[in-house]
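# Observations on the three-dimensional arrangement
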Amino acid sequence: MNRRHVLAGAASVVTAAALNPAWAQFKPTRPVEFVVHGGPGSGNDVFARALIAIIDQEKLSPVRLQVANKPGGGSTTASAYVMSKRGDPNVIACFTNAWITDTLVQEAANNRIVDMSPIVRLVVEPALVVVRADSQIKSMADFINAAKEKPGALKMSGGSITSRENVVRQLLMQSTGARWAFISFPGGGERIAALLGGHVDMMIVDPSEAGEQVRAGKLRPVAQVNDRRLPGFPDIPTLKEAGFDIPNVPQMRGIVGAPGMPADAVAYYEDLFQKVTKTTAWQKFITDNQLDGEFVKTAELKPFLNKFEGQLRDILKEAGAKVVR
Amino acid sequence: MEIASGLLHGFAVALQPANVFWCFVGCFLGTVVGIMPGLGPAATIAMLLPLTFKMDPSGGIIMLAGIYYGAKYGGSTTSILLNIPGESSSVVTCLDGYQMARKGRAGAALGIAAIASFVAGTVGVIGLTLIAPPIAAFALSFSSPEYFALMCLGLALVVLLSGPSLVKGLLALLLGLWLTSIGTDLFTAQSRFIFGQATLLGGIDFMVVAIGVFAIAEVLAGIQAGEKAKLLPVPSGIRNLLPNWEELKACRFAFLNGSVTGFLIGVLPGAGAAISSFMAYGVEKAMSKHPEKFGTGVPEGVAAPEGANNADTGGALVPLLTLGIPGGGTTAIMLSALVLWGIKPGPLLMTEAPDVFWGLVASMYIGNVVLLILNLPLVPLFAQLLRLPVYILFPIILGISIVGAYGASGRLFDLGLLVGFGLLGYLMVKFEYPTAPLILGFVLGDAMERALRQSLMMSQGDLTTFVQRPISAIMLGLAVLILLSPLLRRFNQARVRAIAENG
Amino acid sequence: MLLKDIVYKGDVVSGAVLAALGVYILAQSRAWDYYTADGPGPGFFPAWYGASMVALSLLLIWSALRNDNSERGPVDWPSTGRALATWFAFAVSVALMEPLGFLVSFALLTFFIVAVIFRRPVITAGITAAVAALAFHVVFPVVLNVPLPTGLLGF
C-alpha cells in the first residue's frame, strides 16, 4: 500500500474522530438506567417508554435502556437519585419543568438540574386555552375582559401553584391587569371534569388531554400557548397573535445525565437522541401527541436552563409562592 | 334499542377465541397481582404495555381491564388470612375478614369475598352498560362542595368504627389526618411536617401505614398474647371451608350495598376505591341489626367492602369510556394504553369505536364469571395456609409486609417507616385505641382538605355554599346526624330506662 | 392516688403524648398561612386538628383520672417484653437490609423469632429461616419480578 494512502487514511480517521468524538470513544456496555420521576403510566413514564421503543425499533443502541421509576415528592426523589450517581455514564433521566420549580420552592429539594449534566431538550409541550362549548366566551379577549369586569370571580382549574398553567396565568394577569382565581386539582381528570361540569370557567390544558373533548364539541379552544400554531388546530390563534405578548415559558421535556458525566458519554447521548428525532417513528409520535419537537443541543441547553430558572424564579415570586433558592 | 344491539355486538367481539383467551390471561394475572402485596395492577399494566403494542386493541383492553378488576378479587386474600391488605382498597376487608379467619371461618370469608366481588362486579358492569352516559353527567355535577360533604360523611363513620371509646376513636382519626398531611401542599407548594427529609415531600405511602398498623401490629400483639394464640383453628371438611347458607343470607343487603355504593363512588373522578369500601362498610354497619358485632368477624363486614371495591371498577370505567376522563391511578394507565393503540377515549368513543367499548363491556361480564370460577376453588387451598404453625406464619407475615411496603416504591426509607408504623399500631392495640379510624382519617383527610379549600376558593370565601347546594347539604346533614347518633342513643337509652323505672 | 399510679395509667400516658403532639402541630402550623385571600391556607387544617387533638387528649386524661377503675391488672412485662424484642429485631433486620440485602437479614430475623421468641430448637429455627428466605427470594424477585432490597453481596 502506498504510504500516502496510509497517511491519508490515518488522517481521515483522526479527523473523523475529532469531528465526531462520540463515534470514537464512549459506548455503553451495561444497560442504561433511564430515570423517570413518575410511577408507571405517568406522563414521563409513557414518554420514556415511547423513546425506548423507538430506540429498540431502529436499533440505535447496543444496550438496553430501562426505565427506573423514582416517584415521590414531584421530581425530588428522582433528582436526588441522579445526583447520587456522580460520574456514572449509564444513568440518564427525563427532566421536565418540575425539576426546576421544585428546587425553587422546596427547601429540602437541593439537587439542581444545572449541577447535573444536561444533555438535550427534546420537546416543548404546547397548551390550549379552553372553555366550555356553551360558554359566552368566544376568544381570549372575551375572557380577559370578563375577568377585568369581575376581578376574582372567574376561575380556572389547574395543578399546583408551580405548574405551567399558573405560570401562564401569572404572566397574563401581570400584562393585562385582569385577575381570576386558580383552583388546584391533583389529577388531569378532575381538572377537566371541573370545567365540563361548569364549576370553573376556563382551563389551560395539554392538547392530548382535551383533544377529544374539543373534537366532540364539548370544549372550545380560544387560544394556543405556543410560538407557532399546532397542525391539529390551524384556526386557533396563538396568544401572541391574539394580542397577548407574554414571554414564552415553555413546558419542556429533555434528557439530563448524572453530574460529572464524562464529556464523551454526554456526546454519545446527544448523538443518540438526535438520531431518534430524525426517525419517522418520532415524527409520528410528536404529531400524534401534539408536541413540538424543538430540539436543543447540549451546548445551548445549559445556558438556556440557567436563564429559564431565573425566569421561573421571578414568576413564582410574583405568584406568591415561597421561593427559597 | 341501541344498548341491546351494542351489547350483542360486544358479545360477538368478546366471545372470539382470541379475546376470550386474553380475558382469561388478564383475569389470572389480575388475581395474582391482587394477592401479592407489593404488586399493583397499575405497575403490572405499565410493565405489560410494550407487549400489547402489537395486539389488537380490543384484545388488549380486555386483558388490561381483566388485570384491573381481577386484582380486586385477589386483594382480599391476604387481607383475610394475614391481615395484610393486598391492595389499597382491600384495607377495609381486614377489619372483619381477618377476625373471621381467627374464628376459624377463613374459608367462609374468602368465599364470601369472591361471591360479593362477583355480584357487585357484575352489577357494576350492568351499570356501565345501561346508565353510563346519565351517570357520567351526574358525576360531572359533583363539585368540590359535594366532595367535601362526601368526605365529611365518610369521616362521620368514625363514630361507627370507634368501638367503646369514641374519644380514642376521634384521636386515632386526628392522628390519621395529621399523617396524611405530611408532604407537600398542593395549592401553595408548602412542605408540611417533613422534618427536613426530602423523601417525605411526596407524603407517606398508604400501604406502608396500613401494613404497619394492621399486619405488623397484629404479629406483635400475637406474640404478646403468647401461648394463648397458638394455632388459628382451621376446620376440616370442604363444607366448612366455604360459606354456609346463614352467612350468605346475612349478606343479602351487603351485596346490594356494595354494588350501589361502590359504583356511585367509583364514578366520581378523584374518589379512590378505598373510599368506596369504607363507605359501604359504614353503611352496612349503620343499617345492621347488630352493629356492635362489626369488627369481630361478621360476614357482611367482608361482603360490603369487597363488593364495593369491585363495583368501583365498573364505576371508574364510566368517566374513562364516556368522557375520556381517568379517575386516577390504574384508569390513567389504561387511558395511555388506549391512546397508544390509536383509540381516543372521549365522548365519541362509544360511537366511533363500538368494537372496543362494547367488546370491553361484554368481556367484563365474562371476566367476572371467569374470576368467580378461578377464585372459589382456590379458597380451600388458601385456607390451608393457616395450618402453618404460628412460629412460621408470623415471620412470613413480616416478610410479606416488607415486600408489600418495598415493592411499590423501592425505597428503604419506606421500610423504616413500616417499622415505625408497626410500633405505632402495636402501641395503639396495647393502649386500646381503635386502628380503623386512623386508616379512615389517612384515606379521607387529604381529599377532604382539598375539597374544602377548593370550595372556598370557588365561592370566594362564602361558607353558605355548602348548604346552598342540595346534594352537599343533604350529605352534610347526614354526617351531622351520624356524629350525633351516639348522643341520641344515650339520650334514648336514658329515656327508656327512666320509663322502665317509673312504669 | 400516688403519682406512680397516675403515670402508669395507660390513658394518661397516651393522652399526654397525644396532647404534646397536638401542641407541636399547632406550633408548626403557625409558620404557615392560616387564611389567605384565596381561601384557607396550609396552616388551616393543621391548626384545627392540632387543637382538637389537644382538647380531646386533655378530655381523655381528665376522664381517666376521674374514673379510677383499676380493673386492669398490672402490666404483663414478660409478654410485652417479647413483643418489643420482636419489634426491635424487626427494626434491626430492616436496618441491616442495606448492607446485607433482604435474603440474609430476613433469614436472621426468622431465626431470631423462631429460636428466641418461640423457643424452638436451633435446628428448626435454622431450617425455617433458610427455607423461608429462599422461598421469598424465588417467588418475588425471580418469578414475579418484584424487587427486594439487595445488599453489598449482590442479592
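It should be emphasised that the depicted structure is a prediction, and the values quoted were computed from it without experimental measurement. (Residues numbered from 1 in each chain as written. Chains lettered and ligands numbered in written order. Predicted model: local features only at pLDDT ≥ 70, side-chain atom pairs only at ≥ 80, totals over all residues. Heavy atoms only, no water.)

A separate point is the sheet that holds strand E5 (residues 127-132) of chain A. All names here are of chain A. Across the sheet, five strands lie side by side as E7-E6-E8-E5-E9; this open sheet has mixed pairing. Every interior strand has two partners, whereas the edge strands, strand E7 (181-184) and strand E9 (219-225), have only one. Neighbour-to-neighbour, the strand axes of this sheet turn through a mean angle of 30 degrees, independent of strand direction. Pairing of strand E6 (residues 155-158) with strand E8 (residues 202-205) involves two bridges; the strand directions are parallel. Pairing of Met 156 across the sheet is with Met 202, part of E8. Across the sheet, helix H7 (residues 164-176) is in contact with E5, E6, E7, E8 and E9; its angle to E7 comes to roughly 175 degrees. Sitting on the sheet, helix H9 (residues 207-215) is in contact with E5, E8 and E9, with an inclination near 145 degrees to E9. (Pairing = 2+ DSSP bridges. Helix = DSSP H or I, 4+ residues; strand = E, 2+ residues; numbered from the N terminus. Axes fitted to C-alpha atoms, helices over the stretch in contact; angles between N-to-C directions. Contact = heavy atoms within 4.5 Å.)

Enumeration over the complete set of coordinates arrives at ten cavities of 30 Å³ or more. As for the largest cavity, its lining consists of 19 residues, of which Phe185(A), Glu190(A), Ser144(B), Tyr147(B) and Gln454(B) are closest to the centre. By residue number, the principal contributor to the lining of the largest cavity is helix H20 (residues 436-458) of chain B, which donates five residues. Split by residue class, the lining of the largest cavity holds twelve nonpolar, five polar and two charged. Volume-wise, the second largest cavity comes out at about 150 Å³. Going through the elements one at a time, H7 and E9 of chain A are the ones with two or more residues in the lining of the second largest cavity. (1 Å grid on protein atoms, 1.4 Å probe; cavity = no way out; pocket = protein on both sides within 12 Å on 5 of 7 lines; lining within 4 Å. Points joined across faces, edges and corners; volume = space filled by probe spheres on them. Nonpolar A, V, L, I, M, F, W, Y, C, P; charged D, E, K, R; others polar.)

This part takes up the environment of Ser90(B). Residues and elements named next belong to chain B. The residue Ser 90 is located in the loop between helix H4 (57-82) and helix H5 (91-102) in this model. Residues Ser 90 and Met 151 lie 61 residues apart in sequence; the distance between their C-alpha atoms is 19 Å. Within the structure, Ser 90 has its side chain in polar contact with the backbone oxygen of Gly 75 (distance 3.3 Å). (Polar contact = N/O pair within 3.5 Å; in protein donor to acceptor, adjacent residues only side chain to side chain.)

Contacts between the two partners involve 39 residues from chain A, matched on the other side by 41 residues from chain B. Of the roughly 3200 Å² buried at the junction of chain A and chain B (both faces included), carbon and sulfur atoms supply 63%. The three residues of chain A that bury the most area against chain B are Gln106(A), His199(A) and Glu212(A), which together make up 17% of that side's buried surface. Linking chain A with chain B are one salt bridge. Glu352(B) is the partner of Arg215(A) in a salt bridge, and the nearest nitrogen-oxygen pair spans 2.8 Å. Counting the contacts that link chain A with chain B gives nine residue pairs in polar contact (both at pLDDT 80 or more). Contributions of two or more residues to the side of chain A that touches chain B are made by helix H3 (43-57), helix H4 (76-83), E7, helix H8 (188-196) and H9 of chain A. (Buried area = accessible area lost by both parts, 1.4 Å probe. Salt bridge = Lys/Arg side-chain N within 4 Å of Asp/Glu carboxyl O.)

Moving on to the nonpolar core. Ranked by size, the top nonpolar core spans 234 residues in total, and within it Trp178(B), Ile204(B), Leu418(B), Leu438(B), Ile439(B) and Phe90(C) carry the most contacts. Looking at this core element by element, the count peaks at 16 residues for helix H4 (residues 77-117) of chain C. Apart from residues lying up to four places away in sequence, Ile439(B) is in contact with Val91(B), Phe206(B), Val209(B), Ala210(B), Phe214(B) and Phe278(B). Grouped together as the second largest cluster of nonpolar side chains are 56 residues, Ala68(A), Val114(A), Leu154(A) and Met202(A) included. (Core = buried A, V, L, I, M, F, W, Y, C linked by side-chain atoms within 4.5 Å. Buried < 20%, exposed > 50% of the residue type's maximum accessible area, 1.4 Å probe, protein only.)

Interfaces are often sized by the amount of accessible area the parts lose when they come together. Residue and element names in this part refer to chain A. We note that the domain assignment places domain 1 (2-124 + 250-318) and domain 2 (127-225) within chain A. Look at where the C-alpha atoms of domain 1 and domain 2 centre, and you get two points 32 Å apart. With nine residues of domain 1 at the interface, the matching set in domain 2 holds nine residues. A buried area of about 800 Å², summed over both sides, lies between domain 1 and domain 2, and 69% of it is on carbon and sulfur atoms. (Domains from an automatic or database assignment.)

Turning our eyes to something else, we now look at the pairing of E8(A). Residues and elements named next belong to chain A. Residues of E8 alternate between two faces, with Met 202 and Ile 204 on one and Met 203 and Val 205 on the opposite face, all of them buried. Here E5 pairs with E8 via four bridges, running antiparallel. Residue Leu 128 lies in a different strand from E8, and its bridge partner there is Val 205.

Residues and elements named next belong to chain B. A cluster of nonpolar residues, Phe 138, Phe 253, Leu 256, Val 260, Leu 264, Val 283 and Met 287, forms a patch on the protein surface that exposes about 590 Å² of accessible area. Top contributing element to the nonpolar patch by residue count: helix H12 (residues 252-267), with four residues. Position of Val 260 relative to the elements: it lies in helix H12. (Patch = residues over 30% accessible without salt bridge, like charges linked within 9 Å, V, L, I, M, F, W, Y side chains within 5 Å. Areas by Shrake-Rupley, 256 points an atom, 1.4 Å probe, with all protein chains shown as cover.)

Looking now at the interface of chain C and chain B. The interface is formed by 59 residues belonging to chain C together with 58 residues belonging to chain B. Taking both partners together, chain C and chain B bury about 5100 Å²; carbon and sulfur atoms supply 82% of that area. On the surface where chain C and chain B come into contact, there are one salt bridge. Across the salt bridge formed by Asp11(C) and Lys168(B), the nearest N and O atoms sit 2.8 Å from each other. Viewed at the interface, chain B and chain C are joined by eight residue pairs in polar contact (both at pLDDT 80 or more). If you list the elements that add at least two residues to the side of chain C that touches chain B, you get helix H2 (10-29), helix H3 (44-66), H4 and helix H5 (122-144) of chain C. Counting residues per element, the side of chain C that touches chain B draws most heavily on H4(C), at 19 residues. Considering only residue class, the side of chain C that touches chain B consists of 39 nonpolar, 14 polar and six charged.

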